[in-house]
Amino acid sequence: MHFAPLQDAEDFLAQNPDIELFELFIIDGNGVPRGKLLHRDELVAVYRSGRPLPSTILGLSINGDDVEDSGLVWEVGDIDCRAYPLAGSLVRLPWRRIPTAAVQVSMHPQEGMPASVADPRHVLVRVIERLQAEGLHPVMACELEFYLLDARRDAQGNPQPALDADGGRPRNTQVYGLRELEQIEPFLADLYAACKAQGIPARTAISEYAPGQVEITLEHGDALQAMDQAVRYKRLVKGVAHRHGMQACFMAKPFEHLAGTGMHMHVSLNDGEGRNLFASEAAAGTPLLRRAVGGMLACLLDSLLLFCPNANSYRRFQANSYAPLAPTWGVDNRTVSLRVPGGPAASRHIEHRICGADANPYLAAAAILAAIHRGIEEELDPGAPIEGNGYAQATTLLPTDWLTSLRALQASTWAPGALGEEFLRVYLAVKREEHRRFMGEVGEQDWRWYLNQA
């Protein structure tokens, strides 16, 4: 594990004399950034000797509650675990009123014990290192969709689309609409400026399939760097939206009657010279690509909880919605789960279309790459690609409920070796507790369905 040198902090302080505060954050298993707000004079010490964080910080539920079965609470006395800054993560937060910067940290493999076993970034690093040991260098990119919502709720207390530049609310679905992008130009201008300031390669913006739904693509690159950028990008989008009186929502299915929100993951493998090993004039790619697809399909059920980690994630799976429903693959076909896009031979890659936007990019990428590794090692054949309507041709469907996916990961014989037994122990404890609490909560839907009937 390589951490940032002290020189990074000293240079940043010299170049940014106005910065007063620093957000120190770590990404937990749910993809939630957690940490502390530090003063300027505390930064150098973080780079010199790390910063102690409680062991429970990587064993919390998505609502920030302790999960006792994680093994990171009472058994270890909520011990301090040392985290260190990641290179390239020290950046300004241009949307903050007080001059503020942020630095991302990760647990030290030894000094950060016992919490380091639950650090999702470590899971991805280990998977990448196993591939690199065999001369395979993963390249990845994220396409993240999100909704722009008004920070204020409607008269019924429900979320509503944000006001556009003319003061109205988008009511209709205008996929690929240019006027829809023009109407959020002030937000986009600040978002692109913030991405540039933070070195995040944000590219194409698209108006998606619902009012207020937007997708912005991130440029492909080294897999670990790409996922670092993805988690920082989500934080950045939320911060810029807040400054504009909006809420950026990455829920997988925030509205029953509108499109779900996905995170498409693009992946290929390079050799040591940077040549794409999936490159081929054949639209279906090289034999290596097809074995990678075979591995991803073989591990799909075991991995589904990492792609769709929450109860709400499964509301996204609906027929004819462009959300995948089956372990299928195809060439330039958006009705399948794993798509090989068209384009020049050198750009050949796989688009993994299963993840919701609520997935943790580190864990989703780790599961994808570990599955690819299995497919290559075992020379797994994915079968013929689907042609035409993949929904109509599906013979096996993915589970559409949280508990089935949780049990599949828990019963997996592949995942402990691929992702780490100790990590899975903590992650599954958190997810079991979240499931228990979610199912125990009584709310509006229960009353609407049963109050007058039971």
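It should be noted that the structure appears before, not after, this text.
Quick summary incoming for the structure in this document. Bear in mind that the values here come from a model prediction, so they are computed numbers and not experimental data.

The rules behind the values
- Residues numbered from 1 in each chain as written.
- Predicted model: local features only at pLDDT ≥ 70, side-chain atom pairs only at ≥ 80, totals over all residues.
- Heavy atoms only, no water.
- Helix = DSSP H or I, 4+ residues; strand = E, 2+ residues; numbered from the N terminus.
- Rg over C-alpha atoms; globule rule 2.2 N^0.38 Å.
- Buried < 20%, exposed > 50% of the residue type's maximum accessible area, 1.4 Å probe, protein only.
- Contact = heavy atoms within 4.5 Å.
- Areas by Shrake-Rupley, 256 points an atom, 1.4 Å probe, with all protein chains shown as cover.
- Patch = residues over 30% accessible without salt bridge, like charges linked within 9 Å, V, L, I, M, F, W, Y side chains within 5 Å.
- Salt bridge = Lys/Arg side-chain N within 4 Å of Asp/Glu carboxyl O.
- Lys, Arg positive; Asp, Glu negative; His and termini not counted.
- Charge placed at Lys NZ, Arg CZ, Asp CG, Glu CD.
- Pairing = 2+ DSSP bridges.
- Axes fitted to C-alpha atoms, helices over the stretch in contact; angles between N-to-C directions.
- Parallel < 35°, antiparallel > 145°, perpendicular 65-115°, else oblique.
- Left-handed = near helix turned anticlockwise from the far one by under 90°.
- Nonpolar A, V, L, I, M, F, W, Y, C, P; charged D, E, K, R; others polar.
- Expected span 1.5 Å × (residues − 1).
- Phe/Tyr/Trp six-rings, centres within 6.5 Å; stacked < 30°, edge-to-face > 60°.

In terms of helices and strands, the chain carries 14 helices and 15 strands. Rg of the C-alpha trace for the chain: 22 Å, near the compact-globule value of 22 Å for 454 residues, within the 12% margin. For the chain, the spread of C-alpha atoms along the three principal axes comes to 60 × 55 × 50 Å. Of all 454 residues assigned to the chain, the portion counted as buried reaches 55%. Considering only contacts within the chain whose residues lie at least 6 apart along the sequence, 72% involve residues at least 24 apart. Of the roughly 20,100 Å² of accessible surface on the chain, 50% is carried by carbon and sulfur atoms.

Now for a negative patch on the surface. A cluster of acidic side chains, namely Asp66, Glu68, Asp69, Glu75, Asp78 and Asp80, defines a negative patch on the protein surface. For Asp69, the position within the fold is in the loop between strand S3 (51-54) and strand S4 (80-85).

Right, let's talk about the environment of Leu277 for a bit. You can see Leu277 is positioned in the loop between strand S12 (263-270) and helix H7 (287-298). Along the backbone, Leu277 and Ala346 are 69 residues apart, and their C-alpha atoms lie at a distance of 8.9 Å. Every residue in contact with Leu277, bar those within four places of it in the chain, is listed here: Leu136, Leu269, Asn270, Asp271, Thr286 and Leu288.

In this section: the pairing of strand S7 (residues 137-150). Burial analysis of S7 places 13 of its 14 residues in the buried class, the great majority of the element. Of the pairings in the sheet, the one linking S7 to S12 comprises eight bridges and is antiparallel in character. Bridge assignment links Glu143 to a residue of S12, and that residue is His264. Here S7 runs beside strand S10 (residues 221-222); their pairing, made up of two bridges, is antiparallel. What sits directly across from Met140, in S10, is Gly221. Summarising the sheet, S7 and strand S9 (residues 213-218) pair through five bridges and their orientation is antiparallel. Within S9, the residue paired with Leu144 across the bridge is Ile216. The pairing of S7 with strand S11 (residues 246-249) spans four bridges and is classified as antiparallel. In the sheet register, Asp150 faces S11, and the bridge partner there is Met246.

Attention shifts here to a nonpolar patch on the surface. Together, Val442, Trp447 and Leu451 line one region of the surface with nonpolar side chains, adding up to about 350 Å² of accessible area. Considering the arrangement of structural elements, one finds Leu451 in the segment after helix H14 (444-450).

The contact between helix H8 (residues 300-307) and helix H11 (residues 402-411) brings their axes to 7 Å, and the two run at 120 degrees. Between H8 and H11, the angle is such that the two are oblique. Remark: the crossing between H8 and H11 carries left-handed chirality. Taking contact as the criterion, the partners of Leu301, Asp302, Leu304, Leu305 and Leu306 in H8 are, on H11, Trp402, Ser405, Leu406, Ala408 and Leu409. Residues of the contact of H8 with H11, tallied by class, amount to eight nonpolar, one polar and one charged.

In this model, Met113 is joined to Pro114 through a cis peptide bond whose omega is 0 degrees. Mapping Pro114 onto the fold places it in the loop between strand S6 (100-107) and helix H3 (120-132). At Asp332, a residue that is not glycine, the phi angle is positive and equals roughly 50 degrees. Following the sequence through the fold, Asp332 ends up in the loop between strand S13 (329-331) and strand S14 (338-340). A positive phi angle, near 50 degrees, is found at Glu379, a position not held by glycine.

This paragraph deals with helix H13 (residues 421-440). Between its terminal C-alpha atoms H13 stretches 28 Å, which fits the 28 Å expected from 20 residues at 1.5 Å a residue. The complete set of buried residues in H13 reads Phe423, Leu424, Val426, Tyr427, Leu428, Ala429, Val430, Lys431, Glu433, Glu434 and His435. Structurally, H13 contributes buried residues whose contacts are with H3, H8, helix H9 (361-378), H11 and helix H12 (415-419).

Another point: the packing of aromatic side chains. Centre-to-centre distance and the angle between the planes together describe a pair of aromatic rings. If you walk through the whole model with that rule in mind, you get nine aromatic pairs. On the numbers, 6.0 Å between centres and 45 degrees between planes, the contact of Tyr314 with Phe317 is tilted. We note that Tyr314, like Phe317, is buried. Here the aromatic cluster, defined as three or more aromatic residues joined through ring pairs, consists of Phe146, Phe187 and Phe250.

In this section: the pattern of salt bridges. For the structure shown, the criterion picks out 20 salt bridges. Of the charged contacts in the structure, one is a salt bridge between Asp18 and Arg92, with a shortest N-O distance of 2.8 Å. Note that Asp18 is positioned in the loop between helix H1 (6-15) and strand S1 (21-27) and Arg92 in strand S5 (residues 91-92), a separation of 74 residues in sequence. A relative accessible area of 31% means that Arg92 is categorised as partly exposed. Arg448 is the salt-bridge partner of Glu444, the closest N and O atoms lying 3.1 Å from each other. Here Glu444 pairs with Arg448, and both are found in helix H14, just four residues apart, close to one helical turn. Each of Asp65, Glu433, Arg436 and Arg437 takes part in a single network of salt bridges with overlapping partners.

What is shown is where atoms sit, not what they do.
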